[in-house]
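Listed below are the residues making up each chain.
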Amino acid sequence: MATIPERHADNAFVLPAATVAGATIRAQNAQACSPVCNAASGETIGWQEHASEAMVDRAVHAARDALVAWRHSTPGARGKLLRKIAELLEADRARIAAMQMRVSGKPPFEADLDVSDAIATFDYYADLCENTALFAAETITVPDKTVLAQRTHEPVGVAALIVPWNFPMVTTAWKLAPALAAGCTVVLKPSEFTSPTEHMLVDIVSEAGVPDGVVNVVNGGGEVGAWLTAHPLVDKISFTGSTASGRKVMQAAALDMKRVTLELGGKSALVVRQDADVAHAVALAVSGAFTNAGQMCSATGRILVHDDLYRKFMAAFETAVRALVVAPPQGENVAMGPLISAAQHARVQSLVAQGVEEGAQVAFAGTLDAACKAGFFMAPLVVAEPASDNLLWREEIFGPVACVKSFRSDDEAISLANDTRYGLVATVVTQDANAARRYKAQLRAGLVWVNTPQLIFPQVCWGGLGLSGTGRELGIAGLRSYQELRHTVEARA
Ligand code: NAD
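Residues numbered from 1 in each chain as written. Predicted model: local features only at pLDDT ≥ 70, side-chain atom pairs only at ≥ 80, totals over all residues. Heavy atoms only, no water.

Caption draft 1: Structural view of the environment of Ser104. When you line up the elements, Ser104 lands in helix H3 (residues 93-104). Taking relative accessible area as the criterion, Ser104 reaches 6% and is therefore assigned buried. Sequence spacing of Ser104 and Cys37 is 67 residues, and the spatial spacing of their C-alpha atoms is 8.0 Å. Beyond its immediate stretch of four places on either side in the chain, Ser104 contacts Ala39, Thr194, Pro338 and Ile340. (Helix = DSSP H or I, 4+ residues; strand = E, 2+ residues; numbered from the N terminus. Buried < 20%, exposed > 50% of the residue type's maximum accessible area, 1.4 Å probe, protein only. Contact = heavy atoms within 4.5 Å.)

Set out below in structure tokens:
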């Protein structure tokens, strides 16, 4: 944290602390704020003011005040607004993607993916809003003809949406679109590292015609998030972030029995069977481990390869990793950008050093482009055959580090893949349909991919087992997570 310097670079922006009921709230001069960096250059390009506890309180009250009118609007009317948001995002996608690149240093295809997935999410929940059956009272058959039993799905109330920095647009969309579709009002807390695009999204929400007070924003770090999760007028918390923070969120929620959805960390496996196509397996390993510089909750940082293929796989994997262009987004054919911050860079380097000290062997690493003179770049790195208790095999790294281990049987592969307290995703590469069935059934993960890259559709739910969190986002379950199930039983006239 820092205070805004009196003199800052002419082109540095200073983003407001909060947006409450349509009004921009600026921090007091002396109030804490934090720099927004360009991860590819390390430069400070702006400042994010932090909200105070009083501002969080105002934001929650604004959401509460807007709730009655919003929850009684029709799903169809809400759907039209969601569709409008999707259209406005589409119209502005180049500018938003450019800001993503400027802040996170993401390569163009990754920056655009974050925006296009957000658009698809708003469109999907706009579609659901047109499905009146999803919002109507349902009659339940009971063994008593003298009564009418019904169930309804009603908005939970005020939802606190807390998001991390790795895919800021899409993570926010996964929460905001279903919350609004359900009839909830919200207070959003973006990550202070990547808030510029969230400010753009909030402007778009307002431009689309969403009434003031329905979407409020408070900016800042964990302290601001903690004030929000502890606020007694918040009914539901949807949190994406680390497992450590998720625990604190769950504890804060316990006091008022707030509803919680937690999308947390992972340590996911990719299993390459003996019948796999090696080139395909390598392509999936590269994208699974190194997309977004490995800063993915779903990163497949534990790669299990059948002994028969191990040498061939490692040779092809090495060629592919060495060929990855790691560079600022303006470069040519850039495949991988930087880590988000100096602190994240130091954290990942330190985890690698600890893992090596514990005995892990680095098999090979990629290289940095000459243009990576500054910024928070790290070359992709592959560890071979770490011990099962090595920290690099067990802990979420959230950086471009993959571990490869060999196995000799499906039993062993499944047992190694499941030997983690996380359970977000898993991938299996095989041409054997029976084996695929077995892996789908036995890999302990919220989502299992067979022979595909990490395809994510708004129709398919996202969320993990164990330490990867609780609840599901996306799909109809994502909508239902912002609704309370209620029942009525009445005597028939
Ligand atoms: P983080 O937990 O440090 O922060 C996430 C968000 O929570 C930020 O907005 C932060 O300000 C806020 N926060 C921090 N402490 C809080 C508290 N006590 N109460 C309320 N809010 C608090 O995580 P991060 O470093 O920003 O993101 C990386 C983590 O997020 C990784 O562990 C990654 O696996 C996880 N993640 C999970 C998913 C998923 O869908 N499962 C997706 C993306 C990221």
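Don't stop here, the text continues.
Caption draft 2: Fine view of the site of the ligand. In the neighbourhood of the ligand, 28 residues make up the surrounding shell, with Val163, Ser242, Ser245, Leu264 and Glu396 lying closest. Residue Ser242 places a side-chain N or O atom 2.8 Å away from an oxygen atom belonging to the ligand. Contact between the ligand and Ser245: an oxygen atom at 2.7 Å from a side-chain N or O atom of the residue. Bound to the protein, the ligand loses 87% of the 850 Å² it would expose on its own. Within the residue set of the shell around the ligand, elements represented by two or more residues are helix H7 (222-230), strand S12 (236-240) and helix H8 (243-254). Residues of the shell around the ligand, tallied by class, amount to 13 nonpolar, ten polar and five charged. Residue assignment places the shell around the ligand across two domains, with domain 1 (2-264) and domain 2 (269-457) each supplying three or more. (Near = heavy atom within 4 Å. Polar contact = N/O pair within 3.5 Å; in protein donor to acceptor, adjacent residues only side chain to side chain. Areas by Shrake-Rupley, 256 points an atom, 1.4 Å probe, with all protein chains shown as cover. Nonpolar A, V, L, I, M, F, W, Y, C, P; charged D, E, K, R; others polar. Domains from an automatic or database assignment.)

Caption draft 3: Expanded view of helix H9 (residues 278-290). Taking 1.5 Å per residue, 13 residues should reach 18 Å; H9 reaches 18 Å between its end C-alpha atoms and fits that length. For H9, the complete set of buried residues consists of Val278, Ala281, Val282, Leu284, Ala285, Val286, Gly288, Ala289 and Phe290. Buried positions along H9 lie against strand S14 (269-272), strand S15 (302-306), helix H10 (310-323), strand S17 (381-384), strand S18 (401-407) and strand S19 (425-429). Phi for Asn292, located one or two positions after H9, is positive at around 55 degrees. (Expected span 1.5 Å × (residues − 1).)

Caption draft 4: The pairing of strand S11 (residues 215-218), seen in detail. With burial as the criterion, each face of S11 is covered, one bearing Val215 and Val217 and the other bearing Asn216 and Val218. Bridge analysis of strand S3 (residues 18-20) against S11 gives two bridges, and the strand direction is antiparallel. Considered in S11, the bridge of Thr19 is made with Val217. Relative to S11, strand S10 (residues 185-189) runs parallel, the two being bridged by three bridges. Residue pairing across strands places Leu188 opposite Val217, the latter belonging to S11. The β-α-β motif built from S10, the intervening helix H6 (residues 195-208) and the parallel element S11 has right-handed crossover chirality. (Pairing = 2+ DSSP bridges. Right-handed = clockwise from strand over helix to strand, strands pointing away.)

Caption draft 5: Geometry of the packing of aromatic side chains. On inspection of all chains with the given rule, the structure shows seven aromatic pairs. Aromatic pair Phe290 and Phe317: ring centres 6.4 Å apart, planes at 25 degrees, arrangement stacked. Here Phe290, found in helix H9, pairs with Phe317, found in helix H10; they are 27 residues apart in sequence, far enough to count as distant. For Phe290, a relative accessible area of 2% gives the class buried. For the cation-ring pair, Arg302 lies above Trp393, with the distance from its terminal atom to the ring centre recorded as 5.4 Å. (Phe/Tyr/Trp six-rings, centres within 6.5 Å; stacked < 30°, edge-to-face > 60°. Lys NZ or Arg CZ within 6 Å of the ring centre and 35° of its normal.)

None of this, on its own, says anything about what the molecule does.
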